[in-house]
There are 2 protein chains.
Amino acid sequence: MYLERIGSPADVRALDASDLPVLCQEIRRAIVEKSAAEGGHVGSNLGVVELTVALHRVFESPRDQIVFDVSHQTYAHKMLTGRAAAFTDPAHYADASGFANPRESEHDLFAMGHTSTSVSLACGLALARDRAGENHDVVAVIGDGSLSGGLAFEGFDNLAELGTGVLVIINDNGWSIAENHGGIYANLAELRATGGAAEHNFFRSLGLDYRFVADGNDLAGMIAELEGLRGLTHPVVLHVCTAKGSGYDLALADPERWHHPAAFDAKTGEPRRAPAPGAPLATYAEITGAWLSAQMETDSLLVGVNAATPYIMGFNPARRAAAGSQFVDVGIAEQHAVTFTAALARGGAHPVLGIYGVFLQRAYDQLWHDLCLNALPATILTFGCSVFGTRDATHLGLFDITLLSGLPGLAYLAPVCREEYEAMLAWAVGHTGGPVAIRVPGQGVVSRPELAPAAGEGFAIPRYQTVRRGSDVAILALGSFFELGERAADALEAAGVHATLVNPRFALGVDMEALDEIAASHRVVLTLEDGILEGGWGEQVARHLGPRDVRVRCFGVRTGYPDRFDVDELLASNGLTPEAIAGAALDMLADQGL
Amino acid sequence: MYLERIGSPADVRALDASDLPVLCQEIRRAIVEKSAAEGGHVGSNLGVVELTVALHRVFESPRDQIVFDVSHQTYAHKMLTGRAAAFTDPAHYADASGFANPRESEHDLFAMGHTSTSVSLACGLALARDRAGENHDVVAVIGDGSLSGGLAFEGFDNLAELGTGVLVIINDNGWSIAENHGGIYANLAELRATGGAAEHNFFRSLGLDYRFVADGNDLAGMIAELEGLRGLTHPVVLHVCTAKGSGYDLALADPERWHHPAAFDAKTGEPRRAPAPGAPLATYAEITGAWLSAQMETDSLLVGVNAATPYIMGFNPARRAAAGSQFVDVGIAEQHAVTFTAALARGGAHPVLGIYGVFLQRAYDQLWHDLCLNALPATILTFGCSVFGTRDATHLGLFDITLLSGLPGLAYLAPVCREEYEAMLAWAVGHTGGPVAIRVPGQGVVSRPELAPAAGEGFAIPRYQTVRRGSDVAILALGSFFELGERAADALEAAGVHATLVNPRFALGVDMEALDEIAASHRVVLTLEDGILEGGWGEQVARHLGPRDVRVRCFGVRTGYPDRFDVDELLASNGLTPEAIAGAALDMLADQGL
């Protein structure tokens, strides 16, 4: 096995050229086998095997600097830079993360996982190189949907002006996570169809030199092309056509499903774990998609908006087809998604934007300047905002509340259960008083009929829901941490303290009336939130109670970038266990002589 | 005077065509005279006079929807939509803000002032129109530097796919605030030089229909062109060349100076208020520019970065010329500015990004994902973050702390005076432990040698500076509110309470050791910050002191969008006066029986 002998890119360069196709086969097999075992980014990584081998055959990383965007297509790169065992040996699977990671290797220049960053990064590396009087190559590999993000455009725009030696490789596999959207992809398709000779050329229009490679899965051709592009002294865009899923027929046939499948049988492609029978609405994505689809039939002004991840809101290909122009996937373009949503509301439509919390980060100014400043009635559903969500440092869903905490006039609701979520969603879509965001619960679907809002209840102004009434200690447990609060209350009960338990329901702002009442009748208040403490919801409670004669302690996750963490360990290290929470409350009571 | 008879665009349509040139002259005179009296956006507004008259002559606002981007070029639009007196009658100057504002008129669809939003807004308006079965026109006017922002690209990209009737007018005056930067502007220049027939065309490359108008200051031609573009059923880009400053020779000759001059003599162009003699370093911009320029001479790796506002960091044309490739203005492209800065640091350069706080909002994910996740040693200087900064709702400098509050590993320093600022700047540029941001004081330059950090003092870890040591009450007064804290302490002294006064110096994170000591020796802690309370710095202090036996009250500005506010009124309404602060402390002491 050649892969076993590859300790660094130098070993790739030392191989006989005739051995390289076998190396590619080995890499491809490892991608499929590891992904079959634990899920992974299958299609895009299969597509760039030859491109990656060619890159390490021609350039001399880390002296030459290669930036992969999006970095989920770095499996082959990792295998060729000392991390082959993390893909070939199940005992070492955990050694490599799914994204570029400088802690793993000097060949990974940046921890990165969001898209559209590489051209800007290459600009910075190149200018730093020039200022230092060095002369190595700087290469950005961008693709798999990344081009639609405005940051990529900003990077190309500035690169043209900097005018220095940078090679930008467009890995054009014709797909994002789902199908591609937008004018730039139509231009890529034209260029593909014409062998790079189409009349209109986005890259040339920005003043960039442009080359075309028709078959990026042809290793020898790829190597030859790159050989001619060493030592550049001006920017060149190399448009490389690859096949997403190349070498694995199942993935070639259905790129959306094979973008990032969960564990599967490598031969049949069947998922390892079949969905439980009789549970068609077992996820909040499904609940959301079903509700919105049904609603669209009676409300022709309802418009679903999404940025390249339609599945998070349950819009599978069938629902997208049924929705027609009532569902718009804008591609990876979160800023546009928010501003477009704001204008839909201004124009009288009823927009509902579904987005991962971690990607809503890419549109803060659009929330601030286009949506909230104009107090427009749009609904935003944030997904994955939880310690129970994604566990890669690049994709943490823990920063949404701190991000949104200062936004004027935004109602940010945090339902605990399905009943609350459905009531809040229905209310938000009909609400005309301003923007509403809903923090879709981060764990599996929970049914708690006793928490269901009263019929016709609105959510324009923070109103807490007291679930248990006790004394001395009040636990305010937000959204997906409500159950944790419940268990902490149970632990206090066992210690003889009958605690009050509150479902705050609002992740921004406070219910002053409820807090006044709580401060007057309790000695200790605890806040629990499934997110970062700094700038979060608990701090707002702490500020409001600061002048009152009551002790407050905020529980949440200390800010940082935990990577591939164990949830229970992360919770325990932040004191987020029923026992630790109850213990803290008892200590605070004892400190007051109670 | 025709302007006096224009109550709405219908009156523009009712005028005889031969009267329109005089109307344009009147508008132009009003732009110059009002700007001469109180400062304003001169050049861009002079450039779009004919375009705006033509728009309201041809389209029927508000039925037809026109979105101006950037909205600082709406003076003529305002004069033609019922707000002429706000430009012709000094007694009514305050009736119109400098930006689009729906509270002023139904012809202003959005409150907006940041750039690059209009194409996305037009997409949303157009789809809402289509869903409602209506058929009015939707027009976006984009220009004056807005094209380089990635959001504009995202909008064009999606517009091409939506394929519906939208007219996007590119107001190409060849300038941003300073000169334009980037490949797209090179393409516009090519198109200008070739009458729109250049081989490469950015808009066509995205699949958009394209038309060219060589002289957008030719009213009759402009009207004729727009007449042919009513009732569009597909997207069209109309590239209109205008002269920034048209009709006013002084502004034509120096577009950067005349982008937004302060009050001036309309005849000579001289500023009304001459800079005080002998005060060459009277602004933090000058201090910054002088320090960085000097430093560049000995540190060839130092690189200044800016996004289209070089003057905020003192980089006037002379300093930019001297810096060469050590100063990069990336154009209006804040996302790229931050990611580029991160990569410069990764490549070993010493980047310093100067940026308005309100525009740093446009790059949160780049701070989170590119800079902080990678713990890269870059320096960011935030300007205008203060109630004493810009007073338009669109440009509030109050949200920076709440924006940054959760960012892991970011040191955010808040100097009070020149001595602290210079020490922190010098330390930040040499610091290799991670990113450092400095909140440049928002008021005039203050010299306080007694607050100067000790020689060699670092700022990696929050360390408070106790300026007065008292008892009972501790006032923690951040950055530009330090003086307010000092005066509150004086007011308490007069009431017989000898308060402790602390210069916290860090706008993120807390000095736990200092807070513990303060909690143990005081009954009341007050935090004062020149920014929004929600998600801000005071709340972090309140959380840390929450479990302790001490009362905390946070002073700052309640979140919202105050517009063209009176600073003293805003401060008073938020209890931000020495008397109110001292009174609150006394009340909290009395409440504890002290």
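Since this is a predicted model, take the numbers as computed values, not measurements.

*Asks:* Requested: an account of the overall build of chain A, with residues and values cited.
*Replies:* A count of helical and extended segments in chain A gives 24 helices and 16 strands. Computed over C-alpha atoms, the radius of gyration of chain A comes to 26 Å, within 12% of the 25 Å expected from 2.2 N^0.38 for 594 residues, which places it in the range of a compact globule. Along the first, second and third principal axes, the C-alpha set of chain A runs to 80 × 55 × 50 Å. Buried residues in chain A amount to 66% of all 594 residues. Taking contacts inside chain A between residues at least 6 apart in sequence as the whole, the part at least 24 apart equals 76%. Entry remark: accessible area of chain A is about 18600 Å², with carbon and sulfur atoms responsible for 50%. Computing the positive centroid from 41 side-chain charges and the negative centroid from 72, chain A places the two 2 Å apart.

*Asks:* Got a sec to walk through unusual backbone geometry? Specific residues and values, please.
*Replies:* The peptide bond linking D69 of chain A to V70 of chain A adopts the cis configuration, its omega dihedral lying at -5 degrees. Summarising the element assignment, V70 of chain A is placed in the loop between strand 1 (65-69) and helix 5 (75-79). Here S61 of chain B and P62 of chain B are connected by a cis peptide whose omega angle stands at 10 degrees. With respect to the helices and strands, the residue P62 of chain B is situated in the loop between helix 4 (49-58) and strand 1 (65-69). In this structure, R505 of chain A takes a positive phi of about 65 degrees despite not being glycine. Relative to the helices and strands, R505 of chain A is located in the loop between strand 14 (500-503) and helix 21 (512-521). Given a relative accessible area of 2%, R505 of chain A falls into the buried group. Its identity as a non-glycine residue notwithstanding, R564 of chain A has a phi of 45 degrees, on the positive side. Mapping R564 of chain A onto the fold places it in the loop between strand 16 (551-557) and helix 23 (567-573).

*Asks:* An account of the pairing of strand 5 (residues 236-241) of chain A is needed here, citing residue identities and associated values.
*Replies:* Residue and element names in this part refer to chain A. Burial runs high along strand 5: six of the six residues are buried. Inspection of the sheet shows strand 3 (residues 167-172) paired to strand 5 by six bridges, in the parallel sense. Paired with V168 across the two strands is V237, which belongs to strand 5. Relative to strand 5, strand 4 (residues 209-213) runs parallel, the two sharing five bridges. Following the sheet pairing, F212 is matched in strand 5 by H239.

*Asks:* Residue-level account of helix 8 (residues 150-162) of chain A, with values.
*Replies:* Residues and elements named next belong to chain A. Compared with an ideal rise of 1.5 Å per residue, which puts 13 residues at 18 Å, helix 8 spans 18 Å between its outermost C-alpha atoms and is within 8% of the ideal. Counted residue by residue, helix 8 has ten buried out of 13 residues, so it is predominantly covered. Every buried residue belonging to helix 8 is among G150, L151, A152, F153, E154, G155, F156, D157, N158 and L159, and all of these are buried. Looking at the residues trailing helix 8, positive phi occurs at G163, about 70 degrees.

*Asks:* Could you give an account of the packing of aromatic side chains, with specific residues and numbers?
*Replies:* The full count for this structure, using the stated rule, is 36 aromatic pairs over all chains. A ring pair is formed by Y75 of chain A and F87 of chain A, whose centres lie 5.4 Å apart and whose planes are at 45 degrees; its orientation type is tilted. Taken together, the positions of Y75 of chain A in helix 5 and F87 of chain A in helix 6 (residues 85-88) put the pair twelve residues apart, joining distant regions of the chain. Where F315 of chain B meets F327 of chain B, the ring centres are 4.3 Å apart and the plane angle is 5 degrees; that geometry is what we call stacked. One end of the pair, F315 of chain B, is in the loop between strand 6 (302-306) and helix 14 (317-323); the other, F327 of chain B, is in strand 7 (residues 327-329), and twelve residues separate them in sequence. Assigned by exposure class, F315 of chain B and F327 of chain B land together as buried. Aromatic rings pair up to connect F153, F156, F202, F203 and Y210 of chain A together with F153, F156, F202, F203 and Y210 of chain B into one cluster.

*Asks:* So what about the sheet that holds strand 1 of chain B? Which residues, and what values?
*Replies:* Residue and element names in this part refer to chain B. Ordered in space as 1-2-3-5-4, the five strands form an open sheet in which the pairing is parallel. Here the strands that pair on one side only, and so sit at the sheet edges, are strand 1 and strand 4 (209-213). Here the strands of the sheet are splayed against their neighbours by 20 degrees on average, with no regard to which way each runs. On top of the sheet, helix 4 reaches strand 1, strand 2 (138-143) and strand 3 (167-172); it is set at about 165 degrees to strand 1, its chief contact.

*Asks:* Explain the state of the cysteines residue by residue, including any values.
*Replies:* One way to say it: the disulfide is the covalent bond shared by the sulfur atoms of two cysteines. Considering all chains together, one arrives at zero disulfides over all chains under this definition. Note on C554 of chain A: no disulfide assigned, nearest cysteine sulfur contributed by C554 of chain B at a separation of 11 Å. Left without a disulfide partner, C24 of chain B is nearest to the cysteine sulfur of C241 of chain B, which lies 18 Å away. The buried category is assigned to C24 of chain B, whose relative accessible area is 2%.

*Asks:* Can you lay out the sheet that holds strand 16 of chain A for me, pointing to particular residues and giving the numbers?
*Replies:* All names here are of chain A. Read from one edge to the other, the open sheet built from five strands follows the order 12-14-13-15-16, with strand pairing classed as mixed. What marks the edges here is a single partner per strand, and that holds for strand 12 (465-468) and strand 16. With strand direction ignored, the average angle separating the axes of adjacent strands in the sheet is 25 degrees. Bridging between strand 13 (residues 472-477) and strand 15 (residues 522-532) involves six bridges; their strand directions are parallel. Bridged to L476 within strand 15 is T527. Contacts from helix 22 (residues 537-545) reach strand 13, strand 15 and strand 16, with the element oriented near 155 degrees to strand 15.

Conventions and cut-offs
Residues numbered from 1 in each chain as written. Chains lettered and ligands numbered in written order. Predicted model: local features only at pLDDT ≥ 70, side-chain atom pairs only at ≥ 80, totals over all residues. Heavy atoms only, no water. Helix = DSSP H or I, 4+ residues; strand = E, 2+ residues; numbered from the N terminus. Rg over C-alpha atoms; globule rule 2.2 N^0.38 Å. Buried < 20%, exposed > 50% of the residue type's maximum accessible area, 1.4 Å probe, protein only. Contact = heavy atoms within 4.5 Å. Areas by Shrake-Rupley, 256 points an atom, 1.4 Å probe, with all protein chains shown as cover. Lys, Arg positive; Asp, Glu negative; His and termini not counted. Charge placed at Lys NZ, Arg CZ, Asp CG, Glu CD. Pairing = 2+ DSSP bridges. Expected span 1.5 Å × (residues − 1). Phe/Tyr/Trp six-rings, centres within 6.5 Å; stacked < 30°, edge-to-face > 60°. Axes fitted to C-alpha atoms, helices over the stretch in contact; angles between N-to-C directions. Disulfide = S-S within 2.5 Å.

That is the geometry; function is a separate question.
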